[in-house]
Amino acid sequence: MTAGTIGFVFTVSFFAVLSASETASAPVSMKPEQIRELRDEVGILRSRISELEDLKIRLRKLEERLEQAAPDQVAEKEAVSESEPESETVQAIDIGGAFRFNAFWKSFDESIKTRRGDIGLDLFRLNVDGRKNDILISAEYRWYPYMDTIHHGWIGYDFDKIGRLQAGITRVPFGLLPYAAHNFWFGIPYYIGLADDYDAGFKYIYDQGPWNMQLAFFKNGELADATNLERYSYDLAAVGPARNEE
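Residues numbered from 1 in each chain as written. Predicted model: local features only at pLDDT ≥ 70, side-chain atom pairs only at ≥ 80, totals over all residues. Heavy atoms only, no water.

Colleague: What should I look at first to understand the overall build of the protein chain in this one?
Modeller: Helices and strands together make up the secondary structure of the protein chain, namely five helices and nine strands. Seen in sequence order, the protein chain has helices and strands lined up from the N terminus as α-α-α-β-α-β-β-β-β-α-β-β-β-β. Across the 246 residues of the protein chain, 19% fall into the buried class. A separation of at least 24 residues holds for 41% of the contacts in the protein chain among residues at least 6 apart in sequence. Surface accessibility of the protein chain: about 20,200 Å² in total, with carbon and sulfur atoms responsible for 59%. (Helix = DSSP H or I, 4+ residues; strand = E, 2+ residues; numbered from the N terminus. Buried < 20%, exposed > 50% of the residue type's maximum accessible area, 1.4 Å probe, protein only. Contact = heavy atoms within 4.5 Å. Areas by Shrake-Rupley, 256 points an atom, 1.4 Å probe, with all protein chains shown as cover.)

Written as structure tokens, this is what we have:
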């Protein structure tokens, strides 16, 4: 690899502007008929200038009459013309998803050794995210080999650039956020329902600079059915004699 050299060339231009007094030359002798032609041309130009002044006066009077006849319409028109251009309406619906596969090998499984491991589908998910002006929607549904369930689904409203309200199945602002873990097995807080947990309720998010504050109320788990174990989040479950639920 060779080193390159970048050079900058600055060009300075000088412009000389001479005034009329500096460029004036000696008086030019003209014939009487040429002088008369110049005077006639000057007179024509002066008459045109006076006509323009008359048109300006007439236009001003017409505008005054129009304002007196329909003041509300004129004011509305001026307000529209003087206002800043309206921002473009933001409308977008994004539909996405993902497949996730796992390649694994189990040292305690004799049958898998002859196959030198296996590759299997771990997850298929479908995402929908949309916005129309200040209204937002977000939803995700997941299919696993052993179950299918909703991950989250909420509708939101942006009050301003730093405040947002979400209502529906949204993430509980508790635990290690925004990620539950950094490995395949997640972590203990996730499996006891204290991280990456989604419930049904509403939440207000204030986000500005280094500050992120969230105030939320959740009525119950995301499925409102403690006996249904096909869910993404780990919640209290009503199984057998235990009838506990969120």
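Colleague: Please clarify how the pattern of salt bridges should be interpreted in this entry.
Modeller: A side chain of one charge can pair with a side chain of the opposite charge if their charged atoms are brought near each other. Counting across every chain of the model gives eight salt bridges. Arg 100 is the salt-bridge partner of Asp 122, the closest N and O atoms lying 2.8 Å from each other. Of this pair, Asp 122 sits in strand E2 (residues 118-132) while Arg 100 sits in strand E1 (residues 91-104), placing them 22 residues apart in sequence. Judged by relative accessible area, Arg 100 falls into the partly exposed class, the value being 39%. The partner of Arg 115 in a salt bridge is Asp 118, with the nearest N and O atoms 2.7 Å apart. With relative accessibility at 45%, the residue Arg 115 sits in the partly exposed group. The partly exposed category is assigned to Asp 118, whose relative accessible area is 23%. (Salt bridge = Lys/Arg side-chain N within 4 Å of Asp/Glu carboxyl O.)

Colleague: Honestly, the nonpolar core in this entry has me stumped. Any pointers?
Modeller: As a rule of thumb, nonpolar side chains are buried together in soluble globular proteins. Formed by Leu 123, Tyr 144, Met 147, Ile 169, Ala 180, Tyr 190, Tyr 198 and Tyr 232, the largest nonpolar core amounts to eight residues. Here Leu 123 is in contact with Ala 98, Phe 99, Arg 100, Arg 142, Trp 143 and Tyr 144, once residues within four sequence places are set aside. (Core = buried A, V, L, I, M, F, W, Y, C linked by side-chain atoms within 4.5 Å.)

Colleague: What should I look at first to understand the environment of Trp 105 in this one?
Modeller: Examined against the element boundaries, Trp 105 turns out to sit in the loop between E1 and helix H4 (110-115). The exposure class assigned to Trp 105 is exposed, which follows from its relative accessible area of 52%. Residues Trp 105 and Gly 117, twelve residues apart in the sequence, show an inter-C-alpha distance of 4.4 Å. Sequence-distant contacts of Trp 105, defined by excluding residues within four places in its chain, comprise Ile 112, Lys 113, Arg 116 and Gly 117.

Colleague: In this structure, what is going on with the pairing of strand E4 (residues 148-158)? I would like to understand it.
Modeller: Looking along a regular strand, one sees the side chains alternate between the two faces of the sheet. Sheet topology places strand E3 (residues 135-143) next to E4; nine bridges connect them, and they run antiparallel. Bridge pairing in E4 links Leu 136 to Gly 156. Across six bridges, the pairing between E4 and strand E5 (residues 163-171) is antiparallel. Bridge pairing in E5 links Gly 156 to Gln 166. (Pairing = 2+ DSSP bridges.)

Colleague: What's the story with the environment of Leu 229 in this structure? I'm lost.
Modeller: Position of Leu 229 among the secondary structure elements: in the loop between strand E7 (211-221) and strand E8 (238-239). Once residues within four sequence positions are removed from consideration, Leu 229 is found in contact with Ala 237 and Val 239.

Colleague: Which parts of the structure should I look at to understand unusual backbone geometry?
Modeller: Excluding glycine, most residues fall at negative phi; most peptide bonds, likewise, are trans. Its identity as a non-glycine residue notwithstanding, Asn 133 has a phi of 55°, on the positive side. The topology assignment puts Asn 133 in the loop between E2 and E3. Residue Asn 133 is classed as partly exposed on the basis of its relative accessible area of 39%. Phi at Ala 224 takes a positive value of approximately 55°, unusual for a residue other than glycine.

Colleague: Looking at this structure, how should I read the sheet that holds E5?
Modeller: Hydrogen bonds between backbone groups are what pair the strands of a sheet, and the pairing can be parallel or antiparallel. Read from one edge of the open sheet, seven strands run E1-E2-E3-E4-E5-E6-E7, paired in antiparallel fashion. Two strands bound the open sheet, and with one partner strand each, they are E1 and E7. Here the strands of the sheet are splayed against their neighbours by 15° on average, with no regard to which way each runs. The pairing of E1 with E2 spans 14 bridges and is antiparallel. Considered in E2, the bridge of Ala 92 is made with Arg 131. (Axes fitted to C-alpha atoms, helices over the stretch in contact; angles between N-to-C directions.)

Colleague: Would you take a moment to explain the packing of aromatic side chains for this structure?
Modeller: Each aromatic ring pair is specified by the distance between its two centres and by the angle formed by the two planes. Per the stated rule, a full pass over the model turns up 14 aromatic pairs. Ring-pair connections join several aromatic residues into one group, and the members of that group are Phe 186, Tyr 190, Tyr 191, Tyr 198, Tyr 232 and Tyr 234. (Phe/Tyr/Trp six-rings, centres within 6.5 Å; stacked < 30°, edge-to-face > 60°.)

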